Amino acid sequence: MIADEVEEIMQADPFKPVRIVLGNRQSFVVAHTDYLKVSPDRRTVVLCDEGGHFKILNAQQIKFVEPAKGRSSKTG
């Protein structure tokens, strides 16, 4: 389950930025664990950016999670 993968990534020590890619090819870079939360039921993932904006995703929308390469214009 993708939510479990996200949880594992969040617990990595040290945390390394990741890119979350959705089925529609939209992607978000998560630079720190403070900007990522998985709901207890593992159905919802919340991404925040440094400006306080957030995006609520159904975990099933997430196609894959990969290491982020450099900075992106979209930070989740």
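The structure displayed is predicted, hence computed values, not measured ones.

Rules used in this analysis
- All residue numbers here refer to positions counted from 1 along the written sequence of the relevant chain.
- Reporting of local features is limited, given that this is a predicted model, to residues whose pLDDT is at least 70; pairs of side-chain atoms are given and counted only at 80 or more, and all residues count toward the totals for whole chains, interfaces and linings.
- Remark: hydrogens and water are excluded; side-chain values derive from all non-hydrogen atoms of the structure.
- By this definition, two strands are paired if DSSP reports at least two bridges between them.
- Working definition: helices are DSSP H or I runs of at least four residues, strands are E runs of at least two. Numbering for both runs from the N terminus.
- Simply put, an axis is a line fit to the C-alpha atoms, just over the touching stretch for a helix, and the angle between two N-to-C directions goes from 0 to 180 degrees.
- Any two residues having at least one pair of non-hydrogen atoms within 4.5 Å are treated as being in contact.
- Put simply, a nonpolar core is a bunch of buried Ala, Val, Leu, Ile, Met, Phe, Trp, Tyr and Cys residues held in one set by side-chain atoms that sit within 4.5 Å of each other.
- When accessible area is computed with a 1.4 Å probe and restricted to protein chains, residues below 20% of their type maximum are described as buried, those above 50% as exposed, and intermediate ones as partly exposed.

Student: So what about the sheet that holds strand S1 (residues 18-22)? Which residues, and what values?
Tutor: The strand order across the open sheet formed by three strands is S2-S1-S6, and the pairing between neighbours is antiparallel. The two strands at the open ends of the sheet, each matched to only one other strand, are strand S2 (27-30) and strand S6 (62-67). Adjacent strand axes in the sheet meet at a mean angle of 20°, parallel and antiparallel pairs treated alike. Strand direction decides the pairing type here: S1 and S6, joined by five bridges, are antiparallel. What sits directly across from arginine 19, in S6, is glutamate 66. On the sheet, helix H1 (residues 2-10) packs against S1 and S6 and is oriented at approximately 20° with respect to S6.

Student: Go over the nonpolar core with me, naming the residues and quoting the values.
Tutor: Formed by 18 residues in total, the largest nonpolar core has its most connected members in Ile20, Val30, Leu36, Val45, Leu47, Ile62 and Val65. Contributing elements (two or more residues each) for this core: H1, S1, S2, strand S3 (36-38), strand S4 (44-48) and S6. Examining the composition of this core, we find that four residues originate from one element, H1, more than from any other. Residues in contact with leucine 36, not counting those within four places in the same chain, are Val6, Met10, Ile20, Val30, Val45, Val46 and Leu47.

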